[in-house]
Amino acid sequence: MSATWYECKVKYRKLDEATGTQKVKTEPFLVDAISYTEAESRITEEMQAYLSDSEEIKITNIKVANYAEIHPFENTDRWFKSRVSLIAYDEESGKERKTNMYLLVQANDVKEAYDNTIEVMKGTMGDYTIPAIAESPIVDVFPYFSGDENEIERIEKFNAAKNSVPASVEMDETLELADVLAVAASEEE
């Protein structure tokens, strides 16, 4: 199952390190979620680390991000959007065809972002080019599972929600994870 990434623009008070004053900022964050509802819930939960107890956030926009893959790297502090053009040969027409995909790669500068993109693409069987790399405004990325061992509870909750839907019920776009979790929670009580 591939991840669906949602870009959430959040308005909140942030300490400006240059002046030492609190300023209201609107910044984009990326969360891995199953639906818009879950994306809103997750960004609200994740933003608590950025806020003091009395502060609130306002989510101004949520949209599906067009990233095929997200690649964090250690000792880096910025995110870069890399456009990778996959080159395929169309045998019928005899022409090359390019398909673009976007990667979000963490790096300290554009050159390092290019090197990290090359590193990510090492196992690719086909030909590709990297026509563009630009710094992304994304402040932070919150994956659903980060691979930490202390996420066992979150994995169990996810699996319980997934398994709580009877096989006879077909999932459609109107059935969201929040509904599935609510059903699973009521059955446990």
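Now for a quick tour of the structure. Computed from a prediction, not measured in an experiment: that's the story for all the values here. (Residues numbered from 1 in each chain as written. Predicted model: local features only at pLDDT ≥ 70, side-chain atom pairs only at ≥ 80, totals over all residues. Heavy atoms only, no water.)

Right, let's talk about the packing of aromatic side chains for a bit. Scanning the entire structure with this criterion turns up three aromatic pairs. Seen from their ring centres, Tyr12 and Phe29 are 6.2 Å apart, and the 55° between their planes marks the pair as tilted. One end of the pair, Tyr12, is in strand β1 (residues 5-15); the other, Phe29, is in strand β2 (residues 22-32), and 17 residues separate them in sequence. Each member of the pair Tyr12 and Phe29 is classed as buried. Arranged with centres 6.1 Å apart and planes meeting at 20°, the rings of Phe29 and Phe142 form a pair that is stacked. Of the two residues, Phe29 sits in strand β2 while Phe142 sits in strand β8 (residues 141-142), which places them 113 residues apart along the sequence. Each of the two residues, Phe29 as well as Phe142, counts as buried. Connected via pairs of aromatic rings, a cluster forms that spans Tyr12, Phe29 and Phe142. Directly above the aromatic system of Tyr102 lies the positively charged group of Lys81, at a separation of 4.7 Å from the ring centroid. (Phe/Tyr/Trp six-rings, centres within 6.5 Å; stacked < 30°, edge-to-face > 60°. Helix = DSSP H or I, 4+ residues; strand = E, 2+ residues; numbered from the N terminus. Buried < 20%, exposed > 50% of the residue type's maximum accessible area, 1.4 Å probe, protein only. Lys NZ or Arg CZ within 6 Å of the ring centre and 35° of its normal.)

Two side chains with opposite charge may pair up if their charged atoms get near one another. Summed over all chains, the structure comprises six salt bridges. Here Lys23 ties to Asp16 by a salt bridge, and the two come within 3.3 Å at their closest N and O atoms. Glu46 serves as the salt-bridge partner of Arg42, at 3.4 Å between the closest nitrogen and oxygen. Taken as a pair, Arg42 and Glu46 lie in helix α1 (residues 36-47) at a separation of four residues, close to a single helical turn. Note on accessibility: Arg42 and Glu46 belong to one class, buried. (Salt bridge = Lys/Arg side-chain N within 4 Å of Asp/Glu carboxyl O.)

What follows concerns the sheet that holds strand β5 (residues 78-90). The strand order β4-β6-β5-β7 describes an open sheet built from four strands, whose pairing is mixed. Across the chains shown, the open sheet's two edge strands, defined by having one partner strand only, are β4 (69-71) and β7 (127-135). On average, each strand axis in the sheet is inclined to that of its neighbour by 25°, with strand direction left out of account. Each of β4, β5, β6 (95-107) and β7 touches helix α2 (residues 110-120); the most contacted strand, β6, lies at about 120° to it. (Pairing = 2+ DSSP bridges. Axes fitted to C-alpha atoms, helices over the stretch in contact; angles between N-to-C directions. Contact = heavy atoms within 4.5 Å.)

What is shown is where atoms sit, not what they do.
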